[in-house]
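Given next are the chains, with one letter for each unit.
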Amino acid sequence: MAEPRVIAEPRVIIVGAGPAGVRAAEVLVASGVRPVVIDEGRRDGGQIYRRQPEGFTRGYDSLYGTEADRALSLHETFDGLKDKIDYRPDTLVWNISQGRVWTNANGRVDDLEYDALLLCTGATDRVMPVKGWQYAGVFSLGASQVALKSQAVSIGRRVVFMGSGPLLYLVASQYVKAGANVVAVLDTAPFFARIKALPKLLAEPGVLWNGIMLTRMLQKSGVRVMTGVKPLEILGEPETGVSSLQFEAGGKVHEIACDAVAMGHHLRPETQLADLARCAFRFDAVTRQWLPVVDADGRSSVDGVYLAGDGARILGARSAEASGQLAAMTLLSDFGIAASDRWALRQAVANYARFATGLAEAFPWPHEQIADLADDVVLCRCEGVTVGEMRRVDAREANRAKAFNRVGMGRCQGRYCGLAGAEVLAAARDLPVEAIGRLRGQAPVKPISVGVAEDEA
Amino acid sequence: MSRSDVIIVGGGLMGCSAAFFLRQRGRSVTLLETDLVGRQASGTNFGNVRRQGRPIDQLPLANRAIETWRKAKELLGSDVEYLQSGHMRVCYRDRPENVEKMEQYAADARQMGLDLEILTGNALRARFPFLGPEVLAGSYSPLDGHANPRLASPAFARAAKRLGAEIHENTKMVSAEKIGTDWEVRTEDGRIFRAPILLITAGAWGDKIAAQLGEPVPFATLAPTMSVTEPVPYAIAPAMGVMTPVEKETVYFRQVARGNIILGGSTRAISYPDLYRAYVLPQNTVSQLQQIRRLAPALGKLNIIRVWTGIEGYTPDSLPVMGPSGKESGLFYAFGFSGSGFQIGPGVGETMAELIDTGKTDIPLAGYDIRRFAKA
Amino acid sequence: MNGRFTRLAETDRPKVNIIVDGQPVQAMAGDTLMVAMLSSGTSLRSAEFGPEKRAGFCLMGACQDCWVWTADGGRLRACSTPVENGQQISTSQPEVTWPNHG
Ligand SMILES: Cc1cc2nc3c(=O)[nH]c(=O)nc-3n(C[C@H](O)[C@H](O)[C@H](O)COP(=O)(O)OP(=O)(O)OC[C@H]3O[C@@H](n4cnc5c(N)ncnc54)[C@H](O)[C@@H]3O)c2cc1C
Ligand SMILES: Cc1cc2nc3c(=O)[nH]c(=O)nc-3n(C[C@H](O)[C@H](O)[C@H](O)COP(=O)(O)OP(=O)(O)OC[C@H]3O[C@@H](n4cnc5c(N)ncnc54)[C@H](O)[C@@H]3O)c2cc1C
Ligand code: FES
């Protein structure tokens, strides 16, 4: 390990005020460091512990269910930290360059220098394209949860949940509890995959048990729950949006009338900032995703840049809290401020990783189904590029394909098409998906206005 | 080991178009490219196909190039999205002397077959109502336009390949040596290629190769700043740019048929040619956006969704090195296009092919002679 | 009122009025602009490269599918912008004369 870089008061910036960022800030404050905490959200909490707007009145139990105590503890911790940190909500970090983060808050850009940067940027949905997914009324699974949690609405009157992963069952059950009409939960994963993954899932028996209870609750409420599903088509009209969903299961074609589809296949980390900070990436064969390289203590490959939570690797909320603490402790010790024993946290994160591997095996990313999509399926919603165009492109690598067919070049910067696009191209070229590489991140990580004004320093 | 009439080092627009025109002339060609064709400056540039503003004695080359741009689709068998929708160069009120310069340039350009129209006052506002209040005058070139840089060089490479050119991607030249009458070119992976003629079209890397061959050139490699907006209704046909001596103010934009507006210019960043990488500096993006709002305030309401850059080689006089070596026979250069090589690219390829094939060309190249940098 | 979204709780909030495509729309304080629009309408905008209407996708500011135009040609990301009384929104693309209204 490198010699500590002793700086009396290192300037630490944390990006993200979800469980990872909040716990990291707590550790830093306890050692007398006053970090800057930046989050583009209006309120702290991140995704899972997202706080509803001021003036909403639902209680913790109804918002967070089995995780209510954790949510409350996280929110209270953060409220207690507010005057000990430099908290900047509603502020997007849109670029990182030469030891500075570049922010945009309400159309004003600013840049801040750091000695250490802790990226806790969380995740977004991983989605598999389906014919018709461009219609109004199709949302990501995470979106359907955001709608409920932070706005108390259902995304439709007849909602189908389709995809795979524990979040699929969780959100569907939250919808049922809130009184929404859930017509089906369609899982692309075959049931036996879950049995096979059991030994690894037992790493977190409590979480496993919660999952089992969810499925039972859904079935008891009369929701159709099916596994081993192959999505065929979301039918609808360009003007009015989704009207029904066709899929195959048990060798038969089914059609369900619905006005909303929530789709997601687990999550993908938000790694654009790590990329702009020039962190190295590695291919993770379990999830078939490129992840930033991070050591057991939360260090990235770049000096002074640390990664925690789902933004580094999808290990869930509990692990996010632990890895946030761990990275903050590592940072403190790297700067010669405080050394503490990190062994227990390291163990905890390793255990979550084992569980996450189990989840990835129980609810696999259906890459064969993606490779099989028909040519006329829209692959990139931003630019309207089809699967066929990806197959025909004169390229064997993701960034080259993007240069020719714009997949990854649109507004979302490849967040929702990049992974599926790589699977389509890999299958078409008969290459392993890692050979396709990953779309390089480019600033701004989210759009900024040509009208941005510079802050007068 | 392979032998051909010509080895081309560098698969940007210059190298790919040279390969294409050499094959048209029946010369056998081997092109070596470190990366993939057209991924460096030629694939990342702004895409201006602009003749106006070039040095007057470069216009014959530019005119030759525009002929190719106009028939690119038929010639290459694929669309490079060339849009001949005009080019407009404007100046600001705080430099009124530029109007006179524009008028003089227009008079000189007319002699060379480039017709420009100077617009001021109401005529300017009526034609281009979106220009900012600081804009004083403009010079409009109706027969210039823009094209898609990501498609252009690969299209030339594919067409050259169809005509029989050998194109080796992921093949980096490490040394070249004259053995007898042949050049022997070695690549990083140990292969050897031979030809009596060697053409260096290595862009921002050209100076290193020229130095290896004993002809050093003073050179800077910089990374111009690019951005693109979300798609909006197609409303602005010509590419627009600012004429100014100030780097920061030098911005330009063009709207593509799909609706996105590409923004370019203002301050540039350093680059890392050895790593084949360049990074946009956020402060340059911010400066570019500020200047774009001066040029066309309505753009201030749009969002940019992506920024990028590329590596370009600049000479001290902003003119390329183009023509035969000053030292060795059978050696030719075409590099260092100093931020304005895209439009003339196909003309450069065609002219180098002519020069190599026939030993002469009518296109004036005297100003681009590498010997101008030899120590006095 | 037949919107895409249905309200499940928190319905006692103060009312807010906005104008969408020239028509008055009632929403609630604390709504995002997206929820305000989709509680009475079915879409936010038209796709640029397809015939279909769009209604957003991610609700967390990541997909950028929900940008709408304001009456004076400004841009708002509907899923992350709180609704404000009097907002004037257009769900269609502006006229091609848009650059002339700096
Ligand atoms: C929509 C969604 C719903 C989820 N629901 C659940 C659930 O119900 N149960 C469960 O166990 N897990 C859930 N997860 C998984 C969840 O991500 C983790 O459990 C946990 O929230 C991860 O914590 P984190 O701190 O790593 O990231 P997050 O909680 O996601 O926090 C990341 C924060 O970083 C901010 N941020 C990111 N990029 C930038 C930037 N460029 N500039 C400024 N701020 C930025 C974000 O605004 C966000 O607040 C969900 C994930 C998603 C995406
Ligand atoms: C961001 C940007 C914006 C620009 N905007 C404009 C514009 O609007 N209008 C305009 O006219 N011009 C513009 N330019 C300039 C224009 O792009 C260049 O002048 C032109 O593309 C140069 O083409 P080239 O073939 O010489 O160089 P390149 O396209 O860079 O090609 C050189 C090639 O040589 C290869 N190479 C280098 N060394 C070796 C080696 N040892 N062995 C094998 N291969 C090697 C490289 O990999 C590279 O592919 C811009 C440039 C940039 C970077
Ligand atoms: S719905 Fe995705 S950014 Fe608003």
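Below, the structure is looked at part by part. (Residues numbered from 1 in each chain as written. Chains lettered and ligands numbered in written order. Predicted model: local features only at pLDDT ≥ 70, side-chain atom pairs only at ≥ 80, totals over all residues. Heavy atoms only, no water.)

### Considerations on the interface of chain C and chain A
- The interface is formed by 41 residues belonging to chain C together with 52 residues belonging to chain A.
- Taken together, both faces of the contact between chain C and chain A bury some 3600 Å²; the carbon and sulfur share is 54%.
- The largest share of the area that chain C buries against chain A comes from Arg4, Phe57 and Met60 of chain C, three residues that together contribute 21% of it.
- Our count for the contact surface shared by chain C and chain A stands at five salt bridges.
- The interface formed by chain C and chain A includes 16 residue pairs in polar contact (both at pLDDT 80 or more).
- Of all the secondary-structure elements, those providing two or more residues to the side of chain C that touches chain A are strand S1 (6–7), helix H1 (33–38), strand S5 (53–54) and strand S7 (75–77) of chain C. (Contact = heavy atoms within 4.5 Å. Buried area = accessible area lost by both parts, 1.4 Å probe. Salt bridge = Lys/Arg side-chain N within 4 Å of Asp/Glu carboxyl O. Polar contact = N/O pair within 3.5 Å; in protein donor to acceptor, adjacent residues only side chain to side chain. Helix = DSSP H or I, 4+ residues; strand = E, 2+ residues; numbered from the N terminus.)

### Regarding the site of ligand 2
Residue and element names in this part refer to chain B.
- Around ligand 2 lies a shell of 38 residues, among which Glu33, Ser42, Met173, Glu312 and Phe342 are the nearest.
- A distance of 3.2 Å separates an oxygen atom of ligand 2 from a polar backbone atom of Leu13.
- Contact between ligand 2 and Thr34: a nitrogen atom at 3.1 Å from a side-chain N or O atom of the residue.
- For ligand 2, the accessible surface in isolation is 1000 Å², of which the surrounding protein chains cover 98%.
- The element best represented in the shell around ligand 2 is helix H2 (residues 41–44), accounting for three residues.
- Residue classes in the shell around ligand 2 are distributed as 16 nonpolar, 18 polar and four charged. (Near = heavy atom within 4 Å. Areas by Shrake-Rupley, 256 points an atom, 1.4 Å probe, with all protein chains shown as cover. Nonpolar A, V, L, I, M, F, W, Y, C, P; charged D, E, K, R; others polar.)

### A short note on the interface of chain C and chain B
- Counting residues at the interface gives 16 residues for chain C and 18 residues for chain B.
- Between chain C and chain B, a total of about 1400 Å² is buried, with carbon and sulfur atoms accounting for 64% of that surface.
- Among the residues of chain C in contact with chain B, Phe49, Trp98 and Pro99 of chain C are the three that bury the most area, contributing 41% of the side total.
- Across the contact surface, chain C and chain B share one salt bridge.
- Note that Arg75 of chain C is salt-bridged to Glu230 of chain B, the shortest N-O span being 2.8 Å.
- Taken together, chain C and chain B are joined by three residue pairs in polar contact (both at pLDDT 80 or more).
- Of the residues assigned to the side of chain C that touches chain B, the class counts are seven nonpolar, six polar and three charged.

### Here we look at the site of ligand 1
- Residues in contact with ligand 1 amount to 32 residues; listed here are only the nearest, Ala20, Asp39, Gln47, Gln145 and Asp310 of chain A.
- In this structure ligand 1 sits where residues from chains A and C come together.
- Gln145 of chain A is positioned with one of its side-chain polar atoms (N or O) 2.7 Å from an oxygen atom of ligand 1.
- A distance of 2.9 Å separates an oxygen atom of ligand 1 from a polar backbone atom of Ala317 of chain A.
- Contact with the protein chains hides 91% of the accessible area of ligand 1, taken as 960 Å² for the molecule alone.
- Considering each element in turn, the shell around ligand 1 owes the most residues, three residues, to helix H4 (residues 141–151) of chain A.

### What about the nonpolar core?
- One finds Ile96 of chain A together with Leu131, Phe253 and Leu299 of chain B to be the most contacted residues of the largest nonpolar core, which totals 60 residues.
- Among residues more than four places away in sequence, those in contact with Leu131 of chain B are Met88, Val90, Leu124, Arg125, Met240, Leu295 and Pro297 of chain B.
- Core analysis: the next-biggest nonpolar cluster, separate from the first, contains 56 residues, Val146, Ala172 and Ala262 of chain A together with Cys79 of chain C among them. (Core = buried A, V, L, I, M, F, W, Y, C linked by side-chain atoms within 4.5 Å. Buried < 20%, exposed > 50% of the residue type's maximum accessible area, 1.4 Å probe, protein only.)

### Concerning the pairing of strand S3 (residues 29–32) of chain B
Residues and elements named next belong to chain B.
- On S3, burial covers both faces: Val29 and Leu31 on one face and Thr30 and Leu32 on the other are all buried.
- Sheet analysis places S3 next to strand S9 (residues 166–168), joined by three bridges and oriented parallel. Directly across from Thr30, in S9, lies its bridge partner Glu166. (Pairing = 2+ DSSP bridges.)

### Notes on helix H14 (residues 418–429) of chain A
- Across its 12 residues, H14 of chain A extends 16 Å between first and last C-alpha, which sits within 8% of the 16 Å expected from 1.5 Å per residue.
- Those residues of H14 of chain A not exposed but buried are Gly418, Ala420, Gly421, Ala422, Glu423, Val424, Leu425 and Ala426 of chain A. (Expected span 1.5 Å × (residues − 1).)

### As for unusual backbone geometry
Residue and element names in this part refer to chain A.
- A cis geometry characterises the amide bond from Ala443 onward to Pro444, with omega recorded as -15°.
- Considering the arrangement of structural elements, one finds Pro444 in the loop between H14 and strand S24 (448–449).
- Of note in this structure, Asp90 is not a glycine but carries a positive phi near 55°.
- Positionally, Asp90 belongs in the loop between strand S3 (86–88) and strand S4 (92–97).
- Phi angles above zero are rare outside glycine, and Ala152 is one such case at about 60°.
- As for its position among the elements, Ala152 is in the loop between H4 and strand S10 (153–154).

### Examining the sheet that holds strand S6 (residues 67–70) of chain C
Residue and element names in this part refer to chain C.
- Across the sheet, five strands lie side by side as S3-S2-S8-S6-S7; this open sheet has mixed pairing. Looking along the sheet, the strands with just one partner apiece sit at the ends: strand S3 (23–28) and S7. Here the strands of the sheet are splayed against their neighbours by 45° on average, with no regard to which way each runs.
- Note that strand S2 (residues 15–20) and S3 share six bridges and pair antiparallel. Counted as the bridge partner of Ile18 is Val25 from S3. (Axes fitted to C-alpha atoms, helices over the stretch in contact; angles between N-to-C directions.)

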